[in-house]
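# Fold and contact review
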Amino acid sequence: MVSSNGLATSQPLFSFGLISDVQYADIPDGRAFLGVPRYYRHSLLILQRAVKEWNSHQRHKFVINFGDIVDGFCPKDQSLDTVKKVVDEFEMFTGGPVYHMIGNHCLYNLPRSKLLSLLKIHTLDGRAYYDFSPVPEYRFVVLDAYDISAIGWPQDHPKTLEALKILREKNPNEDKNSPTNLEGPERRFVMFNGAVGKEQVEWLDGVLLESTNLKQKVVVCCHLPLHPGAATEETLLWNYDEVMNLIHRYNCVKVCLAGHDHKGGYSIDSHGIHHRVFEAALECPPGTDAFGYIDVYDDRISLVGTDRMKSTEMHFTPPS
């Protein structure tokens, strides 16, 4: 890589692969609610090409899957085998661990109690949030966007009941998956989204405090987008404002990465944090791709996208 003044810049500290919204199912192609084509079988071929590409670099330390590993239209008697099949494809990555997060389509297929072990998310009490540090200078925080959710938990679980209460208060529609008549960011209060619960917010606060003390830069990963500038309003985390208010109290978070909003998006918020939402593998017609990798430097991260995934340079704002 060459900088604007013609001098070669340093090698990245590390690199990692990424993909989002594979939503594989062994069913004929279909369309989203708004008519966008979906290529359920082709998405597995994209993942296979992605893994082959990541392996060929031989320098990626890990891969992050941004959720929705299988599609909600997957026949329920095939859910378990389908999830295993896609996980097996991810496991073909030879460079290091694969980090998964739970999306709504995962939860349409299997309860989180089953998903966590299949996705090798080792946490307590059904939680799907965690953090890791690939190098001392950086920490990755993976949020559980369906911590408070009407899907995935048992029907009588306190987290389900809390989610249903939120939906009753915020969404007057009979169909709680419909944002009809909701305005602006209020359109996010639909059943296919969820929230970060109180315990998780407190955990995040502790992680950001520790990262600040260790002078680490933090990358926040979440299936649901955290900023309206980077995503369609009906795809946002229910309490994205609460989460971002917390994040903005610290200077350590540099980037928030997400999936879920299939068209992708990018913005920089008022505090200089980059928000990048990834284009979905599911919506790639045969012969096209959407995956990539990120080179991580001290002062920026550089997304190198393949085909429909747009490359993005994200330079960090120095703390004021």
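Residues numbered from 1 in each chain as written. Predicted model: local features only at pLDDT ≥ 70, side-chain atom pairs only at ≥ 80, totals over all residues. Heavy atoms only, no water.

This brings us to the overall build of the protein chain. Helix and strand content of the protein chain: 7 helices and 14 strands. Taking 2.2 N^0.38 as the reference for a compact globule, 320 residues should give roughly 20 Å; the C-alpha atoms of the protein chain span a radius of gyration of 19 Å, in line with that estimate. By its C-alpha atoms, the protein chain is 60 × 45 × 35 Å across when sized along the principal axes. Of all 320 residues assigned to the protein chain, the portion counted as buried reaches 56%. Counting contacts in the protein chain only where the partners sit at least 6 residues apart, residues at least 24 apart contribute 66% of the total. With an accessible surface of roughly 14,100 Å², the protein chain has 53% of that area assigned to carbon and sulfur atoms. Across the protein chain, the centroid of the 32 positively charged side chains sits 1 Å from that of the 41 negatively charged ones. (Helix = DSSP H or I, 4+ residues; strand = E, 2+ residues; numbered from the N terminus. Rg over C-alpha atoms; globule rule 2.2 N^0.38 Å. Buried < 20%, exposed > 50% of the residue type's maximum accessible area, 1.4 Å probe, protein only. Contact = heavy atoms within 4.5 Å. Areas by Shrake-Rupley, 256 points an atom, 1.4 Å probe, with all protein chains shown as cover. Lys, Arg positive; Asp, Glu negative; His and termini not counted. Charge placed at Lys NZ, Arg CZ, Asp CG, Glu CD.)

Time to look at the packing of aromatic side chains. Applying the stated criterion across every chain, the model contains 16 aromatic pairs. Summarising the aromatic geometry, the rings of F14 and Y138 are spaced 5.7 Å apart at their centres and angled 80 degrees between planes, so their arrangement reads as edge-to-face. With a gap of 124 residues between them, F14 in strand β1 (residues 14–19) and Y138 in strand β7 (residues 138–142) connect regions that are remote in the sequence. For Y138, a relative accessible area of 0% translates into the label buried. What links up through ring pairs into an aromatic cluster is the set F14, F16, F62, Y99, Y130, F132, Y138 and F140. (Phe/Tyr/Trp six-rings, centres within 6.5 Å; stacked < 30°, edge-to-face > 60°.)

Our focus in this paragraph is the pairing of strand β9 (residues 253–258). Counting buried residues in β9 gives 6 out of 6 residues, a clear majority hidden from the surface. As paired elements, strand β8 (residues 217–222) and β9 share 5 bridges and run parallel to each other. Note on β9: the bridge partner recorded for C221 is L257. One ladder, built from 4 bridges, connects β9 with strand β11 (residues 274–277); its direction is parallel. If you follow V255 over to β11, its bridge partner there is H274. (Pairing = 2+ DSSP bridges.)

With that settled, the discussion passes to helix α5 (residues 158–170). Between the first and last C-alpha of α5 there are 18 Å, a value that for 13 residues agrees with the 18 Å anticipated at 1.5 Å per step. Residues of α5 that are buried: T160, A163 and L167. Here the buried residues of α5 occupy an arc of 65 degrees about the axis, which is enough to place them on one side. Facing away from the buried side of α5 by over 90 degrees, the exposed positions are P158, R168 and E169. (Expected span 1.5 Å × (residues − 1). Arc of directions from axis to C-beta.)

Moving on: the environment of V220. Relative to the assigned elements, V220 resides in strand β8. Measuring from C-alpha to C-alpha, the distance between V220 and V255 comes to 6.3 Å, with 35 residues separating the pair along the chain.

All right, on to the pattern of salt bridges then. Under the defined criterion, the tally for this structure stands at 21 salt bridges. R187 is the partner of E234 in a salt bridge, and the nearest nitrogen-oxygen pair spans 3.1 Å. One end of the pair, E234, is in the loop between β8 and α7 (240–247); the other, R187, is in the loop between α5 and α6 (198–213), and 47 residues separate them in sequence. (Salt bridge = Lys/Arg side-chain N within 4 Å of Asp/Glu carboxyl O.)

Note that strand β12 (residues 290–296) and strand β13 (residues 300–307) share 7 bridges and pair antiparallel. From the neighbouring strand, Y293 faces β13, where its bridge partner is V304. Linking β12 to β13, which pair antiparallel, is a turn of 3 residues. Where β13 lies against strand β14 (residues 312–315), 4 bridges are found, and the strand directions are antiparallel.

Before going further, it helps to spend a moment on the packing of α6 against α7. For the pair α6 and α7, the least separation of the axes is 10 Å and the interaxial angle reads 20 degrees. Considered as vectors, α6 and α7 are oriented roughly parallel to each other. Seen along the crossing, α6 lies across α7 with a hand that is right-handed. Mapping the contact onto sequence places V201, L204, D205 and L208 in α6 and E242, V243, L246 and I247 in α7. (Axes fitted to C-alpha atoms, helices over the stretch in contact; angles between N-to-C directions. Parallel < 35°, antiparallel > 145°, perpendicular 65-115°, else oblique. Left-handed = near helix turned anticlockwise from the far one by under 90°.)

Further remarks concern the sheet that holds β14. Strand pairing in a sheet takes place through backbone hydrogen bonds and is either antiparallel or parallel in direction. Pairing is mixed in the open sheet, where 6 strands are placed in the order β5-β4-β1-β12-β13-β14. Two strands in the sheet have a free side with no partner beyond their single neighbour: β5 (98–100) and β14. Neighbouring strand axes in the sheet, compared pairwise and without regard to direction, differ in orientation by 20 degrees on average. By the bridge criterion, 5 bridges tie β1 to strand β4 (residues 60–65) in an arrangement that is parallel. The partner of I19 across the bridge, within β4, is N65. Where helix α1 (residues 42–57) meets the sheet, it contacts β1, β4 and β12, and its direction lies at approximately 25 degrees from that of β12.

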